[in-house]
Amino acid sequence: MNAATDRYGRLAATFHWVAAALILLMLGSGFAATWGGLPVALQLHLPAGIALLVLTVARIVWALRDRRPPLPAGTPPWQAMVARTTHILLYVVPLGLVVSGMGMVIISDAAAAIFAGDRLPDFDALLLRVPHGLGARLLLALLALHIGAALYHQWVLRDRLLARMRLGA
Ligand code: HEM
C-alpha cells in the first residue's frame with residue numbers, strides 16, 4: 001500500500017491513474033459542451049467533476065501521510081523545483097476548476113436543466129466562467145509539461161521513470 005524507496009505505493013499509483021482518466025474526461029466533456037456544441041456532455045461533466053473532487057481530497061490526505069520516493073539521482077535542482085511546482089499545481093488547478101464549475105451551476109441553478117436536457121442558462125454571462133475557461137487551458141499546459149517530462153525520462157534518458165508510477169517494470 002505504502003511507497004517503496006524507488007516507486008509510489010499501490011494506492012497512490014491507483015489514485016494517480018484514475019485522476020488522470022477523470023481529468024481527461026473533464027477536459028473532453030467540457031470542450032465538447034462549449035466548442036463541440038454538445039451541452040449534453042455536461043451530464044457527464046458534473047458527476048465526473050464531483051468524483052474528481054472526492055478523489056483529489058483523498059489523494060491530498062494520502063500524499064500527506066505517505067512517503068514520496070526521491071527523484072532520480074542526478075536531477076538538477078531547477079528540474080526538481082519545476083517538477084514539485086507542477087505536481088502541486090496538478091492538485092490545485094483541478095480543485096479550482098471544480099469550485100468554479102460547481103459555483104456556475106449553483107449560481108445559475110442549472111443542475112435540473114442539465115440533467116433534463118432542457119434549455120441551459122448562458123454560462124458565458126457568469127463571472128466564474130472566466131477562471132473556469134482559463135483554468136482549463138492552464139491545466140492543458142500543465143499536462144503537456146508533465147506528460148512531456150515523463151516521456152522524456154522514459155524514452156530519451158531511459159531511466160524507466162514510469163515504473164515509479166507502477167507502469168511497466
Ligand atoms: C478538473 C475539473 C474540471 C475541468 C478540467 C473542467 C473543464 C472544462 C472545460 C475545458 C470547459 C470548457 C471551457 C471553455 O471552452 O472555455 C468547461 C466548461 C464548463 N464546466 Fe467544467 N471542468 C471541471 C469541473 C467542473 C465542475 C465540477 C462543474 C460543475 C459541477 C463544471 C461545470 C462547467 C460548466 C457549467 C461549463 C460551461 C459549459 C458551457 O459553457 O456550455 N466544470 N469545463
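Numbering of residues starts from 1 in every chain and runs along the sequence as written. Selection of residues for local features in this predicted model requires a pLDDT of at least 70, selection of side-chain atom pairs for listing and counting requires 80 or more, and totals for whole chains, interfaces and linings are taken over all residues. Note: side-chain values were computed over all heavy atoms of the structure, leaving out hydrogens and water.

### Things to note about empty space enclosed by the protein
Argument step 1. Using a 1 Å grid laid over the protein atoms alone, points where a 1.4 Å probe fits but cannot get out form a cavity; open sets with protein on both sides within 12 Å along at least 5 of 7 lines form a pocket; any residue with an atom within 4 Å of a point counts as lining. Grid points are joined across faces, edges and corners, and a volume is the space filled by probe spheres set on the points. A complete count under the given rule lists 1 cavity of 30 Å³ or more for this structure.
Argument step 2. Here the largest cavity is characterised by a volume of approximately 40 Å³.
Argument step 3. Along its surface, the largest cavity is lined by Ala19, Ile23, Leu52, Thr56, Arg59, Leu90, Tyr91 and Pro94.
Argument step 4. Under the scheme used here, helices are H or I runs from DSSP no shorter than 4 residues and strands are E runs no shorter than 2 residues, and both carry numbers assigned from the N terminus. If you list the elements that add at least two residues to the lining of the largest cavity, you get α1 (10-34), α2 (42-65) and α3 (77-107).
Argument step 5. Polarity classes work like this: nonpolar for Ala, Val, Leu, Ile, Met, Phe, Trp, Tyr, Cys and Pro, charged for Asp, Glu, Lys and Arg, and polar for all others, with Gly in that last group. Taken together, the residues of the lining of the largest cavity sort by class into 6 nonpolar, 1 polar and 1 charged.

### Remarks on unusual backbone geometry
The phi torsion of most residues other than glycine is negative, and most of the peptide bonds are trans.
Argument step 1. Residue aspartate 109 is not a glycine yet carries a positive backbone phi of 50°.
Argument step 2. Tracing the sequence through the fold places aspartate 109 in the loop between α3 and α4 (111-116).
Argument step 3. Phi angles above zero are rare outside glycine, and arginine 160 is one such case at about 50°.
Argument step 4. Examined against the element boundaries, arginine 160 turns out to sit in the segment after α5 (129-157).

### Brief notes about the nonpolar core
Argument step 1. As used in this record, nonpolar core signifies buried Ala, Val, Leu, Ile, Met, Phe, Trp, Tyr and Cys residues forming a set joined through side-chain atoms within 4.5 Å. For every residue, the accessible area (1.4 Å probe, protein chains only) is compared with the maximum for its type, and the residue is labelled buried under 20%, exposed over 50%, or partly exposed between those bounds. One finds Ile23, Leu27, Leu52, Leu139 and Leu143 to be the most contacted residues of the largest nonpolar core, which totals 22 residues.
Argument step 2. Counting only elements with at least two residues in this core, the list comes to α1, α2, α3 and α5.
Argument step 3. Should any heavy atoms of two residues lie within 4.5 Å, those residues are counted as being in contact. Among residues more than four places away in sequence, those in contact with leucine 27 are Ala136, Leu139, Leu140 and Leu143.
Argument step 4. Membership of the second largest hydrophobic core comes to 10 residues, among which are Ala41, Ala110, Ile114 and Phe123.

### Some remarks on a nonpolar patch on the surface
Argument step 1. In this scheme, patches are assembled from residues that exceed 30% relative accessible area and form no salt bridge. Like charges are connected within 9 Å, while nonpolar side chains (Val, Leu, Ile, Met, Phe, Trp, Tyr) are connected within 5 Å. To measure how exposed things are, a 1.4 Å probe is used in the Shrake-Rupley method; for residues, cover is taken only from the protein chains shown. Take a side-chain nitrogen of Lys or Arg and a carboxyl oxygen of Asp or Glu: if they are within 4 Å of each other, that pair is a salt bridge. A cluster of nonpolar residues, Ile50, Val54, Met102 and Ile106, forms a patch on the protein surface that exposes about 370 Å² of accessible area.
Argument step 2. Put simply, the parts of the chain that give the nonpolar patch at least two residues each are α2 and α3.
Argument step 3. Note on placement: isoleucine 106 falls in helix α3.

### A short note on the layout of surface pockets
Argument step 1. Considering only enclosed or pocket space, the largest pocket measures out at about 1400 Å³ in volume.
Argument step 2. For the lining of the largest pocket, the secondary-structure elements that each account for two or more residues are α1, α2, α3 and α5.
Argument step 3. If you tally residues by element for the lining of the largest pocket, the top one is α3, at 11 residues.
Argument step 4. Tallied by class, residues from the lining of the largest pocket come to 32 nonpolar, 7 polar and 6 charged.
Argument step 5. Taken as a whole, the second largest pocket holds about 780 Å³ of empty space.
Argument step 6. Lining of the second largest pocket is provided by 35 residues; of these, Gly30, Leu42, His45, Met104 and His132 occupy positions nearest its centre.
Argument step 7. For the lining of the second largest pocket, the elements supplying multiple residues, two or more each, are α1, α2, α3 and α5.
Argument step 8. Ranked by the residues each element gives to the lining of the second largest pocket, the list is headed by α3, at 8 residues.

### Some words on the site of the ligand
Argument step 1. With respect to spatial proximity, 24 residues lie near the ligand, and among them Thr34, His45, Leu52, His132 and Arg137 are the closest.
Argument step 2. Side-chain polar atom of histidine 45 to a nitrogen atom of the ligand: 2.8 Å apart, as the coordinates give it.
Argument step 3. Polar contacts, as used here, are pairs of N or O atoms within 3.5 Å; protein pairs need one atom able to donate a hydrogen and one able to accept it. Residues neighboring in sequence count only if both atoms are side-chain atoms. Histidine 132 places a polar side-chain atom, nitrogen or oxygen, 2.8 Å from a nitrogen atom of the ligand.
Argument step 4. Occupancy of a cavity or pocket is assigned to a molecule whenever over half of its atoms lie within 2 Å of that pocket's grid points. Among the cavities detected, the one that contains the ligand is the second largest pocket.
Argument step 5. Of all elements in the fold, only α1, α2, α3 and α5 reach the threshold of two or more residues within the shell around the ligand.
Argument step 6. Sorting elements by how many residues they give to the shell around the ligand places α3 first, with 7 residues.
Argument step 7. Across the shell around the ligand, the residue classes tally to 15 nonpolar, 7 polar and 2 charged. A single heavy atom is enough: if one lies within 4 Å of a molecule or strand, its residue is considered near that molecule or strand.

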